[in-house]
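Examination of the molecular architecture
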Amino acid sequence: MEKLFRTSPDLKVIYILVRPKAGQTLQQRVFQILNSKLFEKVKEVCPNVHEKIRAIYADLSQNDFAISKEDMQELLSCTNIIFHCAATVRFDDTLRHAVQLNVTATRQLLLMASQMPKLEAFIHISTADSNCNLKHIDEVIYPCPVEPKKIIDSLEWLDDAIIEEIAPKLIRDWPNIYTYTKALGEMVVQQESRNLNIAIIRPSIVGATWQEPFPGWVDNINGPNGLIIAAGKGFLRALKATPKAVADLIPVDTVVNLMLAVGWYTAVHRPKSTLVYHSTSGNLNPCNWHKMGVQVLATFEKIPLERAFRRPYANFTSNNFTSQYWNAVSHRAPAIIYDCYLRLTGRKPRMTKVMNQILRTASMLEYFINRSWEWSTYNTEMLMSELSPEDQRVFNFDVRQLNWLEYIENYVLGVKKYLLKEDMAGIPEAKQHLKRLRNIHYLFNTALFLIVWRLLIARSQMARNVWFFIVSFCYKFLSYFRASSTLKV
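The name given to the protein chain in an unreviewed UniProt entry is Fatty acyl-CoA reductase, with Macaca fascicularis as the source organism. Turning to the protein chain, the UniProt record has this under Sequence similarities (unreviewed entry): "Belongs to the fatty acyl-CoA reductase family."

Turning our attention to the overall build of the protein chain. The helix and strand tally for the protein chain stands at 19 helices and 12 strands. Considering the protein chain as a whole, with its 489 residues, one finds that 46% of them fall into the buried category. By element, 58% of the accessible surface of the protein chain is carried by carbon and sulfur atoms, the whole surface being about 26,100 Å².

The buried fraction of strand 6 (residues 198-203) amounts to six of the six residues, a majority that puts the element mostly inside the structure. Here strand 6 shows no split at all, with Ile 198, Ile 200 and Arg 202 on one side and Ala 199, Ile 201 and Pro 203 on the other all buried. Where strand 4 (residues 121-125) and strand 6 come together, four bridges link them in parallel fashion. For Ile 125, the partnering residue across the bridge sits in strand 6 and is Ile 201.

Taking 1.5 Å of rise per residue, 18 residues should cover 26 Å, and helix 10 (residues 252-269) covers 25 Å from first to last C-alpha, within 8% of that figure. Burial analysis of helix 10 places 13 of its 18 residues in the buried class, which makes it a mostly covered element.

Within the sequence span of helix 15 (residues 378-386), burial applies to Asn 379, Thr 380, Leu 383 and Met 384. The buried side chains of helix 15 occupy one side of the element, clustering within an arc of 145° when seen end-on. Opposite its buried face, helix 15 presents the exposed residues Tyr 378 and Ser 385, each directed more than 90 degrees away.

Take the nonpolar core next. Among the nonpolar cores identified, the biggest contains 49 residues, and Tyr 277, Met 292 and Tyr 407 are the most heavily contacted of them. If sequence neighbours within four positions are ignored, Met 292 has contacts with Pro 224, Ile 228, Ala 247, Leu 249, Cys 287 and Ile 408. Residues Val 99, Ile 151, Ala 183 and Val 276 belong to the second largest nonpolar core, which totals 44 residues.

Between Glu 212 and Pro 213 the backbone carries a cis peptide bond, its omega angle lying at -10°. In this fold, Pro 213 is placed in the loop between strand 7 (205-207) and helix 9 (224-232). A positive phi angle is found at Arg 172, which is not glycine, with a value near 50°. What makes Arg 172 exposed here is its relative accessible area of 54%. Look at Arg 270: it is not a glycine, yet its phi comes out positive at around 45°.

A few words now on the sheet that holds strand 3 (residues 81-84). Each strand in a sheet pairs with another by means of backbone hydrogen bonds, the pair being arranged parallel or else antiparallel. Strand order in the open sheet formed by four strands is 3-4-6-10, with parallel pairing between adjacent strands. Each end of this open sheet is capped by a strand with a single partner; those strands are strand 3 and strand 10 (275-279). Averaged over all adjacent pairs, the angle separating strand axes in this sheet is 15°, with direction ignored. Two elements, strand 6 and strand 10, share five bridges in a ladder whose sense is parallel. Residue Ile 201 lies in a different strand from strand 10, and its bridge partner there is Tyr 277.

This part is about the packing of helix 9 against helix 17 (residues 404-419). At their nearest, the axes of helix 9 and helix 17 sit 11 Å apart, and the two run at 85° to each other. Taken together, the axes of helix 9 and helix 17 lie roughly perpendicular to each other. On helix 17, the residues that touch Pro 224, Asn 225, Ile 228 and Ile 229 of helix 9 are Tyr 411, Val 412, Val 415 and Leu 419. Its residues assigned to classes, the contact of helix 9 with helix 17 shows seven nonpolar, one polar and no charged.

The next subject is the packing of aromatic side chains. Summed over all chains, the structure comprises 11 aromatic pairs. On the numbers, 5.3 Å between centres and 40° between planes, the contact of Phe 214 with Tyr 418 is tilted. Of this pair, Phe 214 sits in the loop between strand 7 and helix 9 while Tyr 418 sits in helix 17, placing them 204 residues apart in sequence. Tyr 418 matches Phe 214 in its accessibility class, with the two residues each being buried. One aromatic cluster is present, formed by Phe 91, Tyr 178, Tyr 367, Phe 368, Trp 373 and Trp 375 through successive ring pairs.

Okay, the environment of Ala 231 next. By secondary structure assignment, the location of Ala 231 is in helix 9. Residue Ala 231 is classed as buried on the basis of its relative accessible area of 7%. Residues Ala 231 and Leu 297, 66 residues apart in the sequence, show an inter-C-alpha distance of 8.1 Å.

Before going further, it helps to examine empty space enclosed by the protein. This model, assessed by the stated rule, comprises five cavities of 30 Å³ or more. Approximately 90 Å³ is the volume attributed to the second largest cavity. For the second largest cavity, the full set of lining residues is Asp 129, Ser 204, Ile 205, Val 246, Asp 248, Trp 289, Phe 368, Arg 371, Ser 372, Trp 373 and Trp 375. Its residues assigned to classes, the lining of the second largest cavity comprises six nonpolar, two polar and three charged.

This part covers the pattern of salt bridges. In total, this model carries 15 salt bridges according to the counting rule given. A salt bridge links Arg 54 to Glu 74; the nearest nitrogen and oxygen atoms lie 2.8 Å apart. Of the two residues, Arg 54 sits in strand 2 (residues 53-57) while Glu 74 sits in helix 4 (residues 69-78), which places them 20 residues apart along the sequence. Overall, Arg 54 belongs to the partly exposed group, its relative accessible area being 25%. Measuring nitrogen to oxygen at the nearest pair gives 2.4 Å for the salt bridge that ties Glu 120 to Arg 270. Note that Glu 120 is positioned in the loop between helix 5 (95-113) and strand 4 and Arg 270 in the loop between helix 10 and strand 10, a separation of 150 residues in sequence.

All right, on to the environment of Asn 35 then. Along the chain, the position of Asn 35 falls in the loop between helix 2 (26-34) and helix 3 (40-45). Among the polar contacts made by the side chain of Asn 35, one reaches the main-chain carbonyl oxygen of Phe 31 at a distance of 2.9 Å.

Taken together, Met 462, Val 466, Phe 469, Ile 470 and Phe 473 make up a surface patch of nonpolar side chains, about 550 Å² in accessible area. Residue position: Phe 473 is located in helix 19 (residues 461-488).

Conventions we followed
- Residues numbered from 1 in each chain as written.
- Predicted model: local features only at pLDDT ≥ 70, side-chain atom pairs only at ≥ 80, totals over all residues.
- Heavy atoms only, no water.
- UniProt positions renumbered as here; feature names shortened; annotations may be inferred.
- Helix = DSSP H or I, 4+ residues; strand = E, 2+ residues; numbered from the N terminus.
- Buried < 20%, exposed > 50% of the residue type's maximum accessible area, 1.4 Å probe, protein only.
- Areas by Shrake-Rupley, 256 points an atom, 1.4 Å probe, with all protein chains shown as cover.
- Pairing = 2+ DSSP bridges.
- Expected span 1.5 Å × (residues − 1).
- Arc of directions from axis to C-beta.
- Core = buried A, V, L, I, M, F, W, Y, C linked by side-chain atoms within 4.5 Å.
- Contact = heavy atoms within 4.5 Å.
- Axes fitted to C-alpha atoms, helices over the stretch in contact; angles between N-to-C directions.
- Parallel < 35°, antiparallel > 145°, perpendicular 65-115°, else oblique.
- Nonpolar A, V, L, I, M, F, W, Y, C, P; charged D, E, K, R; others polar.
- Phe/Tyr/Trp six-rings, centres within 6.5 Å; stacked < 30°, edge-to-face > 60°.
- 1 Å grid on protein atoms, 1.4 Å probe; cavity = no way out; pocket = protein on both sides within 12 Å on 5 of 7 lines; lining within 4 Å.
- Points joined across faces, edges and corners; volume = space filled by probe spheres on them.
- Salt bridge = Lys/Arg side-chain N within 4 Å of Asp/Glu carboxyl O.
- Polar contact = N/O pair within 3.5 Å; in protein donor to acceptor, adjacent residues only side chain to side chain.
- Patch = residues over 30% accessible without salt bridge, like charges linked within 9 Å, V, L, I, M, F, W, Y side chains within 5 Å.

Given below as structure tokens:
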């Protein structure tokens, strides 16, 4: 909405389907959106922007989205372009709920679109991970083993217990229900397209803004945002990941620019078939997780990048059981100890709950931070060549121009400023806080190691032999060093 109003102030109206949330009315939710910093530039070029947003009550879990007859008639008779962005993005959602929002709702919206005489284009937002069970992914729609219609029909009469039991068999080699249902949603788009002008956009991991309307804007804790907060606050000191795996992030303003360009191309050129566009960075301008982690550390602690590269941002542990167990213990045990301290001082314990949430998020992202994919971008590059030089500048989605170190620095600062609402003047205090937490973490790990080693010495002759060898070697080395120093004097 922000980009549309800023670049097309003469736009007549944008309809947004909204459901009430946390006791807020539709108007209150829209008012809250428009009063955010994100819309400051829009209000300069389009002062009456609030008059051009038409919020319509809708619930994707209901038939016909529970839209009133009057609102439905207005939508059907006035809509020119649809951007279908609504979805559940929870990795651990139930199959019934995810299918309803990501598959059934898509089919219902396509049915509505077929009744819109003025509709020029239908743009469906999917995800680049919808086919993450493959290594190389082309800009085509891949079939799923089970037809979406059969799944939708079966969920109408199966109870929840049976659905949860068969879910792992249905998703097969997809890592979670989210990616599986997004793949089903693409199949629905292909099968129910009728005579509509449709395009599909597949963004990878969507991150903070790169350039527009200003760098670093972010407003949710999805994806890597939660991990950035946990690491920056010192709660997350180790992560099970592959350091050289590609961190396929894509700035949200890059995705938005591609969406609008695809909307134009689909409406004007009317391709004969449904085109798929990948909005990814890994094949054009790759950045690995280690490089990203080092930059996060350098930004949070305000230390030179060269120094940050010499010390790990996170311990990228291996995939064996021992490292997983040690990682969990070294995170949870300090949280438990800290909660005991809070209880003794009469405060409410909270650290264990926070740490469990962090580790749960890290576990759900584990699949994606240990692998790399190859996404072809032929259609995306073709579209770029179709734009005029001016449109390429205004609707820039060329990720090859992205400077990752600069982007990640703005990303982290944006998390602190726009998501955590922190004062940038408090960075020195934050550095001291991180240093204290890091020292506590190292102290605990050292103590835990010594306790485990002491138990091994008490029970294992081999461990005692190794220990005596190490002590003897250190004694001889110190004696040699002392003798050498004496000779030099």
